[in-house]
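Here are the chains, one letter per residue:
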Amino acid sequence: MTHSTPPPDASRARIPGPQQPPPTYPQIRTGLWKRCLGGGLALWMLTALVTYATRNTTLLPTLILLGSFLVPVTFVLWAYERHGRDLGVSVILGCFLTGGTLGVLGASVMEYYLLHPSFWMFVGVGLIEEAMKLGALMFVLRRQVRIRGMRSGLVLGATVGFGFAALESAGYAFNAAVSTQGIDLRALLETEILRGVLAPFGHGLWTAIAGGVLLSYRRPNGRFQFIGPVFGAYLGVSLLHALWDSTHGIAIWLVARLAGTGVEKQLFAQGYIPRPTEQQEHLFTLFSVGGMVLVSLLAISWARSLARRDPSWRNTP
């Protein structure tokens, strides 16, 4: 039997190689979060300058929204770019907008009916708000069975927390701007600057910790497990939340103890020291700022220890 050999110039059929499936997530150029931070900060400063110069109150919503959402959105973009591209934009948006809104609404209703001014009020605030944010996270992910694990929980928990923080900051900024004497633009700007600086160390960080533990124990069928580590993480971040909120009162209590006034509990509830001396003012600043730094370091160390347990944290897209 003979075999025919094709001539050298005969065209050969090409067998296409295996094609890589297109990514299920949009390609976002590296460094988008930096451009968002720089551009958003410039727009916020320009809006503040124009509002101050023209006294145009119709610009107040723009100023409030830019200042309240700038830092939370920047951190969500950073988390998505570095560790959450495979989660999908729709899930990120759902956690930030839907999760944040549900968390704020649920916390507002619960705090209105359950909390009253007392020495333990901040503990109740921490327990309620952290429960509402976790509940909002579970609601958004109820049909996303594939999403589980420590990395997903850290990213999406932080996203819900930052959505909560953005909406809460907008409310505080609005309250600061509206006074009995009219619009207080200076108080609005001071509130937004302060809350913008503190935003990375608050709600987003606490809910990232609780969300990471929650999703790390999620079952393959999508059911959430409320077991010991999950409940312990919830109580832990609630305690950090309560300590953060009460640093002002704790600082006053410590100053009063050192001064020997004997009315420490009343001063903690009132939130100020009558006729403080210069030394007491310095001590109050030291204790209040130091307390926030201590709570932030504890939360950051906890979140970093959780991230180290998941090898995929260092191998994400």
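Note: the structure precedes this text.
Residues numbered from 1 in each chain as written. Predicted model: local features only at pLDDT ≥ 70, side-chain atom pairs only at ≥ 80, totals over all residues. Heavy atoms only, no water.

*Asks:* Which residues make up the nonpolar core, and what values go with them?
*Replies:* One finds Cys95, Leu137, Leu141, Ile147, Leu156 and Leu214 to be the most contacted residues of the largest nonpolar core, which totals 42 residues. When contributions to this core are tallied by element, the ones reaching two or more residues are α2 (60-83), α3 (89-114), α4 (121-140), α5 (150-177), α7 (203-216), α8 (228-245) and α11 (278-309). Setting aside residues no more than four positions away along its own chain, Leu156 makes contact with Leu87, Val91, Ile92, Cys95, Leu137, Leu141 and Ile147. In terms of nonpolar packing, the next biggest core, distinct from the first, is built from 10 residues, Ala48, Leu63, Ala170 and Ala177 among them. (Core = buried A, V, L, I, M, F, W, Y, C linked by side-chain atoms within 4.5 Å. Buried < 20%, exposed > 50% of the residue type's maximum accessible area, 1.4 Å probe, protein only. Helix = DSSP H or I, 4+ residues; strand = E, 2+ residues; numbered from the N terminus. Contact = heavy atoms within 4.5 Å.)

*Asks:* Describe the packing of aromatic side chains, listing the residues and the values that go with them.
*Replies:* What the rule picks out here adds up to 5 aromatic pairs. Seen from their ring centres, Tyr112 and Tyr113 are 4.9 Å apart, and the 90 degrees between their planes marks the pair as edge-to-face. Tyr113 shares its class with Tyr112; the two are exposed. Taking 5.9 Å as the distance between ring centres and 75 degrees as the angle between the ring planes, the aromatic pair formed by Trp206 and Trp244 counts as edge-to-face. Here Trp206, found in helix α7, pairs with Trp244, found in helix α8; they are 38 residues apart in sequence, far enough to count as distant. Each of the two residues, Trp206 as well as Trp244, counts as buried. Positioned over the ring face of Phe164 is Lys133, at 5.3 Å from the centre of the ring. (Phe/Tyr/Trp six-rings, centres within 6.5 Å; stacked < 30°, edge-to-face > 60°. Lys NZ or Arg CZ within 6 Å of the ring centre and 35° of its normal.)

*Asks:* Residue-level account of a nonpolar patch on the surface, with values.
*Replies:* Taken together, the side chains of Val109, Met110, Tyr112, Tyr113 and Leu114 make up a nonpolar region of the molecular surface, amounting to roughly 580 Å² of accessible area. Mapped onto the secondary structure, Tyr112 falls in helix α3. Note on Tyr112: relative accessible area 62%, which makes it exposed. (Patch = residues over 30% accessible without salt bridge, like charges linked within 9 Å, V, L, I, M, F, W, Y side chains within 5 Å. Areas by Shrake-Rupley, 256 points an atom, 1.4 Å probe, with all protein chains shown as cover. Salt bridge = Lys/Arg side-chain N within 4 Å of Asp/Glu carboxyl O.)

*Asks:* Can you tell me about α2, naming the residues and giving the values?
*Replies:* Between its terminal C-alpha atoms α2 stretches 35 Å, which fits the 34 Å expected from 24 residues at 1.5 Å a residue. A maximum bend of about 40 degrees is found in α2 at Leu70, where proline Pro72 lies one to four positions downstream. (Expected span 1.5 Å × (residues − 1). Bend = angle between axes of the 7 residues up to and from the residue.)

*Asks:* Explain the packing of α8 against α11 residue by residue, including any values.
*Replies:* The interhelical angle for the contact between α8 and α11, taken along N-to-C directions, is 160 degrees, at an axis separation of 9 Å. It follows that α8 is roughly antiparallel to α11 by the angle criterion. Once α8 is placed against α11, the crossing between them reads as left-handed. In this structure, α8 contributes Ala233, Gly236, Val237, Leu240, Leu243 and Trp244 to the contact, and α11 contributes Met292, Val295, Ser296, Leu298, Ala299 and Trp302. Classifying every residue of the contact of α8 with α11 by side-chain character gives 10 nonpolar, 2 polar and no charged. (Axes fitted to C-alpha atoms, helices over the stretch in contact; angles between N-to-C directions. Parallel < 35°, antiparallel > 145°, perpendicular 65-115°, else oblique. Left-handed = near helix turned anticlockwise from the far one by under 90°. Nonpolar A, V, L, I, M, F, W, Y, C, P; charged D, E, K, R; others polar.)

*Asks:* Report on the pattern of salt bridges, specifying residues and quantitative values.
*Replies:* Counted according to the given criterion, the structure contains 4 salt bridges. Ionic pairing is found between Glu130 and Lys133, a salt bridge with its closest N-O pair at 2.8 Å. One end of the pair is Glu130 and the other is Lys133, both in helix α4 and 3 residues apart, which spans about a single turn. Relative accessible area serves as the criterion here: at 1%, Glu130 is assigned to the buried category. Residue class for Lys133 comes out buried when judged on its relative accessible area of 0%.

*Asks:* Got a sec to walk through the packing of α5 against α7? Specific residues and values, please.
*Replies:* For any two helices packed against each other, the geometry is given by the interaxial angle and the distance between the axes. Between α5 and α7, the least distance of the axes is 6 Å, while the angle of their chain directions is 145 degrees. Regarding α5 and α7, the two cross each other, and that crossing is right-handed. Across from Met150, Ser152, Gly153, Leu154, Gly157, Ala158, Gly161, Phe162, Phe164, Ala165 and Glu168 in α5, the residues of α7 making contact are His203, Gly204, Thr207, Ala208, Ile209, Gly211, Gly212, Val213, Leu215 and Ser216. Class assignment for the residues of the contact of α5 with α7 results in 10 nonpolar, 10 polar and 1 charged.

*Asks:* Describe the environment of Ala299, naming the residues involved and giving the relevant values.
*Replies:* Along the chain, Ala299 falls in helix α11. For the pair Ala299 and Ala208, spaced 91 residues apart in sequence, the C-alpha to C-alpha distance is 9.8 Å. Here Ala299 is in contact with Leu205, Trp206, Ile209 and Leu240, once residues within four sequence places are set aside.

Remember, this is a structural readout, not a statement about activity or role.
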